[in-house]
Amino acid sequence: DAGVIQSPRHEVTEMGQEVTLRCKPISGHDYLFWYRQTMMRGLELLIYFNNNVPIDDSGMPEDRFSAKMPNASFSTLKIQPSEPRDSAVYFCASSPEGLAGDNEQFFGPGTRLTVL
Amino acid sequence: GNSVTQMEGPVTLSEEAFLTINCTYTATGYPSLFWYVQYPGEGLQLLLKATKADDKGSNKGFEATYRKETTSFHLEKGSVQVSDSAVYFCALTGFQKLVFGTGTRLLVSP
């Protein structure tokens, strides 16, 4: 199994530009999570999906952020317009079950975003 | 709400030294507890877990015991290796979210 796949691994863009991050979860996993990691705020859950449906987006920082999951094997996180404070590492994770109990989440390698 | 507090890093040790990374939590109910590890340039990986009080999770020589009376889940290893250098995250589940601590960086020198 290839694990969770994220692309691109690195993204450098200018303020005001649209940024799209992509994720392919592990086949058969029903849950998909997007996290953001920064030095200041640590690891934050942005949104998660169950069977392609967004369940909790309370961690999405503002309307500039949006996430979609058009099918079971693909999800995107979009930032439009991007700002320098969005610079962070964005992780995608998937899980065969939900967050209750002892269910493990499998993380991708992350996308390092730099907004100039 | 649920929260996790970890000791500040970095923790710097020599190879074969004993490791303890402290983790305490605040939670409603009976969460499951986890330690994740993040190696340089990679995503987080589950290291070990415990689902109820007094459970001991163990993996790769690391251990942690779920202590309800002290609300703690300290990570220990008897003899660290250079390859253990990484960032370690304590986490818990509750209210349908996985809550992470801020992470503790471990640096092991030969």
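For the structure, see preceding data.
Chemist: Any details on the overall build of chain B? Residues and values, ideally.
Modeler: What chain B contains, in helices and strands, is zero helices and twelve strands. Ordering the α and β elements of chain B from the N terminus gives β-β-β-β-β-β-β-β-β-β-β-β. Here chain B has a C-alpha radius of gyration of 13 Å; the compact-globule value for 110 residues is 13 Å, and the two agree. Dimensions of chain B, computed from the C-alpha atoms along their principal axes, are close to 45 × 25 × 20 Å. Within chain B, the proportion of its 110 residues that are buried is 46%. Within chain B, contacts between residues at least 6 apart in sequence are counted, and of these 55% link residues at least 24 apart. Per element, the accessible surface of chain B, about 5,200 Å² overall, is 50% carbon and sulfur. Charge separation in chain B, taken as the distance between the mean sites of 9 positive and 10 negative side-chain charges, equals 8 Å.

Chemist: Which residues make up the pattern of salt bridges, and what values go with them?
Modeler: All names here are of chain A. With the rule as written, the count across this model stands at eleven salt bridges over all chains. One salt bridge in this structure joins Arg64 and Glu83, with 3.5 Å as the shortest N-O distance. One end of the pair, Arg64, is in the loop between strand 6 (53-56) and strand 7 (65-71); the other, Glu83, is in the loop between strand 8 (74-79) and strand 9 (88-95), and 19 residues separate them in sequence. Three or more residues joined by partner-sharing salt bridges are found here, namely Glu62, Arg64, Glu83, Arg85 and Asp86.

Chemist: I'd like a rundown of the packing of aromatic side chains, residues and numbers included.
Modeler: All told, the structure shown has 14 aromatic pairs over all chains when counted by the stated rule. Here Tyr31(A) and Phe33(A) contribute two aromatic rings whose centre-to-centre distance is 6.4 Å and whose plane-to-plane angle is 15 degrees, an arrangement assigned as stacked. Both residues of the pair, Tyr31(A) and Phe33(A), belong to the buried class. Consider the rings of Phe107(A) and Phe100(B), whose centres lie 6.2 Å apart with planes at 75 degrees: the pair is edge-to-face. Taken together, the residues span two chains, with Phe107(A) in strand 10 (residues 106-107) and Phe100(B) in strand 11 (residues 97-100).

Chemist: An account of unusual backbone geometry is needed here, citing residue identities and associated values.
Modeler: The omega torsion across Gln80(A) and Pro81(A) is -5 degrees, close enough to zero to call that bond cis. Among the structural elements, Pro81(A) can be located in the loop between strand 8 and strand 9. Backbone torsion omega between Gly9(B) and Pro10(B) reads 0 degrees, so that peptide bond is classified as cis. Within the secondary structure layout, Pro10(B) lies in the loop between strand 1 (3-6) and strand 2 (11-14). Here Asp54(B), not a glycine, exhibits a phi torsion of approximately 75 degrees, which is positive. Locating Asp54(B) in the fold gives a position in the loop between strand 6 (44-50) and strand 7 (56-59). Within the chain, Thr71(B) stands out as a residue other than glycine whose phi angle is a positive 40 degrees. Its place among the elements puts Thr71(B) in the loop between strand 8 (62-65) and strand 9 (75-77). On the basis of relative accessibility, which here comes to 31%, the residue Thr71(B) falls in the partly exposed class.

What counts as what
- Residues numbered from 1 in each chain as written.
- Chains lettered and ligands numbered in written order.
- Predicted model: local features only at pLDDT ≥ 70, side-chain atom pairs only at ≥ 80, totals over all residues.
- Heavy atoms only, no water.
- Helix = DSSP H or I, 4+ residues; strand = E, 2+ residues; numbered from the N terminus.
- Rg over C-alpha atoms; globule rule 2.2 N^0.38 Å.
- Buried < 20%, exposed > 50% of the residue type's maximum accessible area, 1.4 Å probe, protein only.
- Contact = heavy atoms within 4.5 Å.
- Areas by Shrake-Rupley, 256 points an atom, 1.4 Å probe, with all protein chains shown as cover.
- Lys, Arg positive; Asp, Glu negative; His and termini not counted.
- Charge placed at Lys NZ, Arg CZ, Asp CG, Glu CD.
- Salt bridge = Lys/Arg side-chain N within 4 Å of Asp/Glu carboxyl O.
- Phe/Tyr/Trp six-rings, centres within 6.5 Å; stacked < 30°, edge-to-face > 60°.

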